[in-house]
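Spelled out, the chains give:
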Amino acid sequence: MNSQTENLLFSEDERKHEVAFKTIFETYYSSLCCFAVQYVKEDNAAEEIVQDVFLKIWEKRKTIRIESSLKSYLFRSVRNSCLNLIQHEKIKNLHIESTQKLFKQEINPDKFYLEVDLVKKIEESIDSLPEKRREIFRLCKEDGLKYKEIADKLNISVKTVEAQMGLALKTLREKLKNYRGSMFLFYFFTDK
């Protein structure tokens, strides 16, 4: 490969670009694929990497500046792309392993049913609150509104919201006292 062909790749003449690119592609494609296989150990992946490198060169042919020889640039680009793929595969495999470990963990049926029962009990307890108190509680805990926002929305005083929330929490603590060990309840038993 002579430097004149390399220079034509980056010339202003589009027709010369194509001729030079085709020549460069035909000259280096096979050796770059063999080089990439040494890293990624798979023909298809190696070919994709080499094709991507050539595609990037073609797309950036008007702005790319290669300081070293084109051959060095091509091999360095393929090497970097191979290393990036290897790193990506390692991360992907670690994620797959951790997900598999998570799903392989044994589910404690007693704990599962306890949590399902707890959710049901919480809903029943909230539903048993007087209507206005239930509405205030849901606005606070489910919608995340502050006491002032609830007061403004319902056109009542902040003191009324505080009093109703206090009564709601007291009632829920009493109805759910058998589930005190659950961290899930911590959210409901804390006041804003």
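Every value quoted in this text rests on a predicted model; they were computed, and no experiment measured them. For every chain, the first residue of the written sequence is number 1, and numbering continues from 1 along that sequence. The model is predicted, so local features are restricted to residues of pLDDT at least 70 and side-chain atom pairs to those at 80 or more, both for listing and for counting; the totals for chains, interfaces and linings are taken over all residues. Side-chain figures throughout are based on the complete set of non-hydrogen atoms in the structure, without hydrogens or water.

*Asks:* How would you explain the overall build of the protein chain if you had to name every residue and give the values?
*Replies:* By definition, any uninterrupted DSSP run of H or I lasting at least four residues is a helix, any uninterrupted run of E lasting at least two residues is a strand, and each is numbered from the N terminus. In terms of helices and strands, the protein chain carries 9 helices and 0 strands. Along the protein chain, from the amino end to the carboxyl end, the secondary structure elements read α-α-α-α-α-α-α-α-α. In the protein chain, buried positions account for 30% of the 192 residues. Any pair of residues with heavy atoms lying within 4.5 Å of one another is described as a contacting pair. Counting contacts in the protein chain only where the partners sit at least 6 residues apart, residues at least 24 apart contribute 55% of the total. Computed by Shrake-Rupley with a 1.4 Å probe, the accessible areas treat only the displayed protein chains as cover when residues are assessed. Of the roughly 13,300 Å² of accessible surface on the protein chain, 53% is carried by carbon and sulfur atoms. We call a residue buried when its accessible area falls under 20% of the maximum for its residue type, exposed when it is over 50%, and partly exposed in between, using a 1.4 Å probe and counting protein chains only.

*Asks:* Provide a residue-level description of the packing of aromatic side chains, including the pertinent values.
*Replies:* Stacked, edge-to-face and tilted labels apply to pairs of Phe, Tyr and Trp rings (six-membered ring for Trp) whose centres lie within 6.5 Å, assigned for plane angles under 30 degrees, over 60, and everything in between, in that order. Across all of its chains, the model carries 7 aromatic pairs by this definition. Aromatic pair phenylalanine 35 and tyrosine 39: ring centres 5.5 Å apart, planes at 75°, arrangement edge-to-face. With phenylalanine 35 and tyrosine 39 both in helix H2 (residues 14-40), this residue pair falls 4 residues apart, about one helical turn. On the accessibility criterion, tyrosine 39 (27% relative accessible area) is partly exposed. Their ring planes at 75° and their centres at 5.1 Å tell us that phenylalanine 35 and phenylalanine 75 sit as a pair that is edge-to-face. A residue pair is termed long-range when its members are at least 10 positions apart, and phenylalanine 35 in helix H2 and phenylalanine 75 in helix H4 (residues 70-104) qualify at 40 residues. Taken together, the ring pairs in this structure connect Phe21, Phe25, Tyr29, Phe54 and Trp58 into an aromatic cluster.

*Asks:* Which residues make up the side chain of glutamine 164, and what values go with them?
*Replies:* Inspection of the secondary structure assignment puts glutamine 164 in helix H8 (residues 158-175). With relative accessibility at 19%, the residue glutamine 164 sits in the buried group. With near-sequence residues (within four places) excluded, glutamine 164 lies in contact with Arg133 and Ile136.

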